[in-house]
Structure formats: C-alpha cells, structure tokens
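# Structural overview for review
Now for the letters of each chain:
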Amino acid sequence: MTIAPSTDQLCGLDVSSLFLAGPFIQLLDPATGEMPEHARAPFDVLIRHFEARGLAVHNAHRREAWGAELMRPDQCTGLDQDEIRKADVFVALPGFPASPGTHIEMGWASAFDKPIVLMLEEGREYTFLVQGLHTVATVEYVEYAQGRDIAEYLPEVDAALLRAVSRHRERTGKV
Ligand code: 5HM
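Computed from a predicted structure; not experimentally measured. (Residues numbered from 1 in each chain as written. Predicted model: local features only at pLDDT ≥ 70, side-chain atom pairs only at ≥ 80, totals over all residues. Heavy atoms only, no water.)

### Concerning helix H7 (residues 154-172)
Let me state the cut-off plainly: Numbered from the N terminus, helices here are DSSP runs of H or I no shorter than four residues, and strands are runs of E no shorter than two. Each helix should span, by expectation, one fewer than its residue count multiplied by 1.5 Å. Only protein chains enter the calculation, and the probe is 1.4 Å; a residue is then buried if its accessible area is under 20% of its type maximum, exposed if over 50%, and partly exposed in between.
A rise of 1.5 Å per residue sets the reference length of H7, with its 19 residues, at 27 Å; its end C-alpha atoms lie 27 Å apart and thus fit the reference within 8%. Looking at H7, one finds that the buried residues are Leu 154, Val 157, Asp 158, Ala 159, Ala 160, Leu 161, Leu 162, Ala 164, Val 165, His 168 and Arg 169. Just past H7, the residue Gly 173 takes up positive phi, approximately 75°.

### Some points on the site of the ligand
Test applied: Summary of the distance rule: residues count as near a molecule or strand when at least one heavy atom falls within 4 Å of that molecule or strand. For this analysis, a polar contact is any N or O atom pair within 3.5 Å, provided that within protein one partner can donate a hydrogen and the other can accept it, and provided that sequence-adjacent residues contribute only side-chain to side-chain pairs. In this description, accessible areas are obtained by the Shrake-Rupley approach with a 1.4 Å probe, and a residue is regarded as covered only by the protein chains that are shown.
Taken together, the neighbourhood of the ligand is formed by 18 residues, with Glu 64, Asp 80, Ser 99, Gly 101 and Glu 105 sitting nearest. Contact between the ligand and Ile 25: an oxygen atom at 3.0 Å from a main-chain N or O atom of the residue. Here an oxygen atom of the ligand and a side-chain polar atom of Asp 80 are 2.4 Å apart. Relative to its unbound accessible area of 470 Å², the ligand is 89% covered by the protein chains. Within the residue set of the shell around the ligand, elements represented by two or more residues are strand S1 (17-21), helix H3 (60-63), helix H4 (73-86) and helix H5 (100-111).

What follows is the structure in structure tokens.
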C-alpha cells in the first residue's frame, strides 16, 4: 500500500514549485486549435492537486489557455527553460506518441539536476533515454493504465514526488 505524504513532509523538504510538462500540439483539436476537455483533464487534475498542496505549478498548457493563446516558439522556449531551471521538482508525461517538446524539457530537467517524476502509460514502449534517465538523474516512475483517470494515481504521484526529492537531497546534501 502506498502512503500519501503529507503537505508537511513536502514543506519540510523545502519544495515550493513544480514544472508540469506533457504533450501539447498533438492534443490540439485541429478544428478549434484548443485541447478538448478529455485531453486537458490529466493536466487539470495534477495542477489542482499540487496547488492544493501549496506548490506553485508552472504549466504551459494552462499558461497558453489550452491552445487558445498558443505562444510562438521564440516566446515559449526560453520561458519554459527558465521555469524548469527555477522549479524544485519536474513532473512529466512524456506522451505516446512521444511529445518532442517534453523530451527536450526532460533533457533540460536532468541536465539541471532536478528531482524528476515521469508518468508512464502501462504497456507503452518509451524511448531508451527515457527508460534509462534514472541512471543519470534522480527519477521516479509512476505507471498508469491507459484510459484510467489520473486522479486514481495521486497517492502514487505524491509518494514518487517525495521519494524523488528525498533521494535527491540525500545525494546532493542540499537541505
Ligand atoms: O512538442 P509538444 O507540443 O508536445 O511539446 C510540449 C511541451 O513543450 C510542453 O511540456 C510545454 O511546456 C512546451 N510547449 C510550450 O510551452 C510546447 C508548445 C507547442 O509545441 C508551446 N508551448 N506552444
């Protein structure tokens, strides 16, 4: 059984901000240019959950109004890199099919030595460097079943977050 960490545990570890990455362009409805409700849901659930725990969440999907206010490449790239550099934790859904932008962001997050939580769909084949990212960075993986509501996995997400941050602190000695 997974025990959900309390907000106090995260606060005790001095975690106050999080960057949430995941597929974007591939989720836009070509007719409206916006993410349909079902595509927004996992991001929305995770954002609400983390914010309820007192974390400042940086997420491009929400920032860009789910596609309605899509930024140009020269606007969003530097912004995302800055937010990832500043964030205490990085959480991503690498996407299936793979989200190219998210893969670049996972590279940045690992190069910036952030604690990382990757949300992977069961039964999907992820690229070797995602499977092996834990060998070069502090990564915890959460597997979820295709088509299942991400809300069911929040205790696992919290536990993975806490493990990633704790392991990272132990390794780097940062308090
Ligand atoms: O390649 P894709 O669109 O799936 O990339 C998604 C990731 O790139 C997101 O995690 C988001 O942080 C970033 N991104 C963004 O900030 C991507 C796009 C469009 O590609 C965008 N703003 N307009």
